[in-house]
Amino acid sequence: MDEQKRDEEQTEVSEQQVKSVKPAGKHIRLKPFAFIMLIFLTILCTAGLTIFALTFGEQKVVEVKVPVERTEFKKLYEAYDALQQKYYEEVNEEEVVYGAINGMFDALGDPYSDYMNKDEANSFNESLSSSFQGIGAEIQERNGYIMIVSPIKNTPAEKAGLQPKDMVLAVDGKSVKGMSSTEAVLLIRGEKGSEVTLTIQRGDADSFDITLVRDDIPVETVYGDIDEAGIAHFQITSFSENTAAELEKLLTEYEKQGMKGIVLDVRQNPGGFLKAAIDISNLFVEEGKTIVQIQERDLEPQIVAADNRTKYKQPVTVLIDEGSASASEILAGALKESAGAKIVGLNSFGKGTMQEIIYMEDGANLKFTTGKWLTPDGNWVNEKGIAPDVKVDYPDYASLPYIDPSQQYEQGAEHAVIKTAERILEVLGYEPGKVDTIFDEATEAALKAYEQDNELEVTGILTGDTTYALMDAISEKLKTDDPQILKAKELLGVKAAETSAGE
């Protein structure tokens, strides 16, 4: 009752107060609760507008910071906020975030781990697909420089004479020093038929430019032939999803032709899929024997053993060189240590780690090292490579500098490439006189004789078709008289005479 009475008194007082005020022409009557809520909403909206203006206005007074749930990122957020608030120009948020992620990968000091934005990821993914357009060379960042790991067979890079360990200094005049390999690839690749000029440093010699015409990069990864003695030579250019199947198809075909020995050639093969290397090893390693050991962080090595698929029993040798990396080394190590194969050539590249790719929602890729692999005997070849059982060097003419066909040299000229041309003529059986940098009468006579023998216009001038013909001839000479292949075949113990006697 008392409460009711107080309410009535309060109501009366309110009514008296209202009556004492001269009413306006128009008015809105609000209940007390509605009036209070209206005031509350007004205050809330005002506060919201104020915060928005202070945060996003041209003159920012405060910076709204992302809540830091993981303390290790506190400095990162602080640095980002400081740039957004005080940097003298407007900050490109996307580029800053990309840079931060790149910085994390760079801090690893691992040339095989990389963050790739959308464009870089598309280029990288093309290299894993059935085909792409470019020059056909595997590259890697090494100590701030871009290095050729190996050119791919029958590509512009191979035809132009690019070699493992060539350093790419610039692409179309733009320095690539400090770039990641994926950044450099974006500059090197392009549409079929377009040109790209690489500035190359080879050893201690002066740098030189090579202009290449981009082309479709061949999708085949295995090339084979069989000689009269029954020795099959298989050149494996990379390890893709279909490489093992390509090799098996040729093995089946050559076995029907009486295959008695096998040379697996992974020279200048930069690697590829781990599974492809394991599948090929499985064709030669006895069931139960180790192919490779995989070791991830804080775990013991896991053994990958050969399965029970059909094995090829013919004797095998493996050819390697400084361009043989990753999966090539897995194959060589497996056949050397678990199948007794002899390794011939030069010390391999030395990449003993494995990478995983994570695909981001925006099209970017994260590629980073997740573990290392060991040979069957537990050897880690990283940065050491695999040493051949029989070392065989390339002949000196295999590493001669490139001669630009667009340039012209004639009697009386003096240039470093003249020495290269004279050495090629000498190897091909001509007599250019003293092999030096001077284009003299003997050089001209030898060049004219070569042009005459090869149905070229006889000018005695080193340029155009004559230059192309010389480079093609020395490349073919290396293929037919390859000392490493000859030694690999010799070690198999198969001879043509024995084949004839057996028949």
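Up top is the structure.
Read on for a plain summary of the structure. Worth saying up front: this structure is predicted, and the values here are computed from it rather than measured.

Cut-offs used in this document
Residues numbered from 1 in each chain as written. Predicted model: local features only at pLDDT ≥ 70, side-chain atom pairs only at ≥ 80, totals over all residues. Heavy atoms only, no water. Helix = DSSP H or I, 4+ residues; strand = E, 2+ residues; numbered from the N terminus. Expected span 1.5 Å × (residues − 1). Polar contact = N/O pair within 3.5 Å; in protein donor to acceptor, adjacent residues only side chain to side chain. Pairing = 2+ DSSP bridges. Buried < 20%, exposed > 50% of the residue type's maximum accessible area, 1.4 Å probe, protein only. Lys, Arg positive; Asp, Glu negative; His and termini not counted. Salt bridge = Lys/Arg side-chain N within 4 Å of Asp/Glu carboxyl O. Contact = heavy atoms within 4.5 Å. Patch = residues over 30% accessible without salt bridge, like charges linked within 9 Å, V, L, I, M, F, W, Y side chains within 5 Å. Areas by Shrake-Rupley, 256 points an atom, 1.4 Å probe, with all protein chains shown as cover. Core = buried A, V, L, I, M, F, W, Y, C linked by side-chain atoms within 4.5 Å. Phe/Tyr/Trp six-rings, centres within 6.5 Å; stacked < 30°, edge-to-face > 60°. Lys NZ or Arg CZ within 6 Å of the ring centre and 35° of its normal.

### Points about helix α4 (residues 93-107)
- Here α4 contains 15 residues, and its C-alpha end-to-end distance of 21 Å stays within 8% of the 21 Å for a straight helix at 1.5 Å per residue.
- In this structure asparagine 92 caps α4, since a side-chain oxygen of it lies 3.1 Å from the backbone nitrogen of glutamate 94.
- Glycine 109, located one to two residues past α4, shows a positive phi value of around 65°.

### A word on the pairing of strand β18 (residues 365-374)
- Relative to β18, strand β1 (residues 114-116) runs antiparallel, the two sharing 3 bridges. Residue pairing for β18: tyrosine 115 is matched across the bridge by leucine 366.
- Pairing of strand β13 (residues 290-296) with β18, which is carried by 4 bridges, proceeds in the antiparallel orientation. What sits directly across from glutamine 295, in β18, is lysine 372.
- Taken together, the 7 bridges between strand β17 (residues 353-359) and β18 define a ladder with antiparallel strand orientation. The residue of β18 that forms the bridge with glutamate 356 is phenylalanine 368.

### Observations regarding the side chain of lysine 351
- Assignment of secondary structure puts lysine 351 in the loop between β16 (342-345) and β17.
- Notably, lysine 351 is buried but unbridged: the nearest opposite-charge side chain belongs to glutamate 329, and the N-O separation is 7.5 Å.
- A distance of 3.0 Å separates the side chain of lysine 351 from the backbone oxygen of threonine 353, its partner in a polar contact.
- Within the local environment of lysine 351, its side chain forms a polar contact with the side chain of glutamine 355, the two groups lying 2.8 Å apart.
- Leave out the neighbours within four places in its chain, and lysine 351 touches Tyr112, Ser326, Glu329, Trp373 and Asn382.

### Concerning the pattern of salt bridges
- Counted under the stated rule, the structure contains 16 salt bridges.
- A salt bridge links glutamate 78 to lysine 74; the shortest N-O distance between them is 2.4 Å. Taken as a pair, glutamate 78 and lysine 74 lie in helix α3 (residues 74-86) at a separation of 4 residues, close to a single helical turn.
- Two residues, arginine 309 and aspartate 279, come together in a salt bridge whose shortest N-O distance is 3.7 Å. In this pair, arginine 309 is assigned in the loop between β14 (302-305) and β15 (316-320) and aspartate 279 in helix α9 (residues 274-281), connecting sequence segments 30 residues apart.
- The class for aspartate 279 is buried, based on a relative accessible area of 15%.
- Here the salt bridges share partners, and the residues they tie into one network are Lys275, Asp279, Asp307, Arg309 and Lys311.

### Re a nonpolar patch on the surface
- Taken together, Leu83, Tyr87 and Tyr88 make up a surface patch of nonpolar side chains, about 360 Å² in accessible area.
- With respect to the helices, strands and loops of the structure, tyrosine 88 is situated in the loop between α3 and α4.

### A short note on the nonpolar core
- Of all hydrophobic cores here, the largest spans 42 residues; its most connected members are Ile135, Leu162, Val168, Leu198, Ile210, Leu212 and Leu462.
- Among the elements that line this core, the one with the most residues is helix α11 (residues 416-427), at 6 residues.

### Looking at the packing of aromatic side chains
- Per the counting criterion, the structure on display carries 5 aromatic pairs.
- Residues phenylalanine 284 and tyrosine 312 carry aromatic rings whose centres are separated by 6.3 Å and whose planes lie at 45° to one another, so their mutual orientation is tilted. Residue phenylalanine 284 is found in the loop between α9 and β13, and its partner tyrosine 312 is found in the loop between β14 and β15; the two are separated by 28 residues along the sequence. Taken as a pair, phenylalanine 284 and tyrosine 312 share a single burial class, namely buried.
- Sitting over the ring of tyrosine 112, lysine 351 keeps its end group 4.6 Å from the ring centre.
- Against the face of tryptophan 380 rests lysine 372, its NZ or CZ located 4.4 Å from the ring centre.

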